[in-house]
Protein chains: 2
Amino acid sequence: MQPSSEPRSRRERPAKPALSRAGIVGAAVGVMRAEGLQKVTMRRLAQELDTGPASLYVYLGNTAELHAAILDELLGTLRPPVGGDWRERVEDLLTGYTALLFEHPGLARSVLVSRPSGEHYLNLIETLLALLDEGGVPAGQAAWGVDILLQHATATAAEQSGRDESVVAQDDWDALTRALHGVDRLTHPRIAALSGHLISGTPEERLSWGFNTLLNGVLGTPTPPGAR
Amino acid sequence: MQPSSEPRSRRERPAKPALSRAGIVGAAVGVMRAEGLQKVTMRRLAQELDTGPASLYVYLGNTAELHAAILDELLGTLRPPVGGDWRERVEDLLTGYTALLFEHPGLARSVLVSRPSGEHYLNLIETLLALLDEGGVPAGQAAWGVDILLQHATATAAEQSGRDESVVAQDDWDALTRALHGVDRLTHPRIAALSGHLISGTPEERLSWGFNTLLNGVLGTPTPPGAR
DNA sequence: ACCTGAACACCGTTCAAGT
DNA sequence: ACCTGAACACCGTTCAAGT
């Protein structure tokens, strides 16, 4: 019997491609788009790629690294703003970054802890530094400012997680919001007086105010001499 | 045979106390102090309280609610600052809050999503509002300011999680830090020029600068007319 | 060298059934 | 009414063993 030149497997599968970090991250983005981030697990992804979960650990150290890589991939779709002065362009860029994360708040949670370090994230930092430089922000303040601006964007998106995934959110609302309204005006007079203000505004208004507050603060707050 | 007035159980256990929300949260704090937050799971806690995990769901809606309740409990140990002007007292109070979370960064992660709504958290908000009022911060700015100040503190603590639990952290450091240093100065000139500044300063210096930046921004940034 | 089956050691949450 | 055993439907990560 002659050795066959046919592949050993009889089943004609869609030609299982070789694993690679890029391929894994691409598949992860696909699963996330189709089924949400909560389905992007090492096990589910291995299943998608027709292998066992252990194989993924050849390319990724852990799940947090996977999430960071997914965000970096998403960041590739972020276009640098063109119109307006430097402040408007900073706000536009950060609003775009936040909008991306608002669609996947779970990603924001992950990324707060294990930040991306890929090309697109570096481009975002570079662009922000260029805009702050254009606005005359001193180097030290700009460097620390980028950090705090991105932290605010990421944390604001992360706060949405849980509040959106389940439909429970609407009638359950928020225990804190209820507590703020039901407060005793004798023990907590200022909360009682300001309860309207504490939860006022749309998410967009608060985010925009946050970026402007941060920008004003960064412009006017020197970093300590030792760190400069 | 006379019915015995003895308890049905022969084993003299440490008198298993009736379940209550406060008891569960207390036990959770105990487990956290002894073994870390990662061990505070519904199952582990049920074991600690000599019952099944389902019993806990009579008192707590989910794990996030448990974590929020733990932080509120911890917040009971936070003493309002006494010395200095209003700005120093704000910074002291927020530094104390952050220090609490630095010891349990996982708690900060949870709480970013599902905030506490207990007595001690309300006291913290009330105290902050009083201090901002003392500083002459307009009501709308103070209300939104408290939110952004607490967010910065919480997010900064959350960023520590992962970086501390494992000893890997030290030599692994941070992929982003490495990426910032290894950047190409042709494609990312500003990162290359500022790489020293981007990671400079101690955590304390950066946190303090963050609070001051926020305070300066809050003082100088009016909230939008509609939301006011 | 590269890859992976199988196992280890867990999770949160629900629900039918008990007291 | 209050409580819970047992089950459902999963996880991340490791490691010995294969090719």
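Look up a bit, the structure's there.
Let me sum up the structure you'll find in this document.

The rules behind each value
Residues numbered from 1 in each chain as written. Chains lettered and ligands numbered in written order. Predicted model: local features only at pLDDT ≥ 70, side-chain atom pairs only at ≥ 80, totals over all residues. Heavy atoms only, no water. Near = heavy atom within 4 Å. Polar contact = N/O pair within 3.5 Å; in protein donor to acceptor, adjacent residues only side chain to side chain. Helix = DSSP H or I, 4+ residues; strand = E, 2+ residues; numbered from the N terminus. Nonpolar A, V, L, I, M, F, W, Y, C, P; charged D, E, K, R; others polar. Contact = heavy atoms within 4.5 Å. Buried area = accessible area lost by both parts, 1.4 Å probe. Salt bridge = Lys/Arg side-chain N within 4 Å of Asp/Glu carboxyl O. Buried < 20%, exposed > 50% of the residue type's maximum accessible area, 1.4 Å probe, protein only. Core = buried A, V, L, I, M, F, W, Y, C linked by side-chain atoms within 4.5 Å. Phe/Tyr/Trp six-rings, centres within 6.5 Å; stacked < 30°, edge-to-face > 60°. Least-squares fit on C-alpha atoms with pLDDT ≥ 70 in both.

## Examining the protein's contact with DNA strand C
In the vicinity of DNA strand C, 17 residues are found, and the nearest of them are A:Ala54, A:Ser55, A:Tyr59, B:Arg43 and B:Tyr57. Near the protein, meaning within 4 Å, the atoms of DNA strand C are sugar or phosphate in a fraction of 51%, with bases accounting for the rest. Within the backbone of B:Thr63, a nitrogen or oxygen atom sits 3.2 Å from a phosphate oxygen of DNA strand C. Going through the elements one at a time, helix 3 (53-56) of chain A together with helix 2 (42-48) and helix 3 (53-56) of chain B are the ones with two or more residues in the surface near DNA strand C. Residue composition of the surface near DNA strand C, grouped by class: 8 nonpolar, 6 polar and 3 charged.

## Focus: the interface of chain B and chain A
Tallying the contact residues gives 64 residues for chain B and 64 residues for chain A. Summing the contributions of chain B and of chain A, the shared interface buries around 5500 Å²; its carbon and sulfur component is 65%. For the chain B face of the interface with chain A, the top three residues by lost area are B:Val113, B:Trp144 and B:Trp209, together amounting to 15%. For the pair chain B and chain A, the interface holds 4 salt bridges. Linking chain B to chain A there are 20 residue pairs in polar contact (both at pLDDT 80 or more).

## Looking at the side chain of A:Ser200
All names here are of chain A. Relative to the helices and strands, serine 200 resides in the loop between helix 11 (189-198) and helix 12 (203-220). Under the relative-accessibility criterion, serine 200 is labelled buried at 12%. At 3.0 Å, the side chain of serine 200 forms a polar contact with the backbone oxygen of histidine 197.

## So, the nonpolar core
In summary, soluble globular proteins display a tendency toward joint burial of nonpolar side chains. Ranked by size, the top nonpolar core spans 130 residues in total, and within it A:Leu45, A:Tyr97, B:Leu45 and B:Tyr97 carry the most contacts. Among all residues touching A:Leu45, those that are not within four sequence positions of it are A:Ile24, A:Ala27, A:Ala28, A:Val31, A:Val40, A:Leu56 and A:Leu66.

## Some remarks on the packing of aromatic side chains
Inspection of every chain in the model, using the stated rule, returns 2 aromatic pairs over all chains. Their ring planes at 80° and their centres at 5.6 Å tell us that A:Trp144 and B:Trp209 sit as a pair that is edge-to-face. You can see A:Trp144 sitting in helix 8 (residues 139-160) and its partner B:Trp209 sitting in helix 12 (residues 203-220), one on each of two chains. Under the relative-accessibility criterion, A:Trp144 is labelled buried at 2%. A residue is classified by how much of its surface remains accessible, and B:Trp209, at 5% relative accessible area, is buried.

## Examining the relation of the copies chain B and chain A
The operation relating chain B to chain A is a screw motion whose rotation component is 180°, with 0.0 Å of axial translation and a residual RMSD of 0.0 Å. Expressed as an axis order, the relation between the two copies is that of a two-fold axis. Minimal C-alpha separation from the rotation axis in chain B is found for B:Gly217, amounting to 2.0 Å. A shared interface surface links the copies, since 100% of the contact residues of chain B are contact residues in chain A too.

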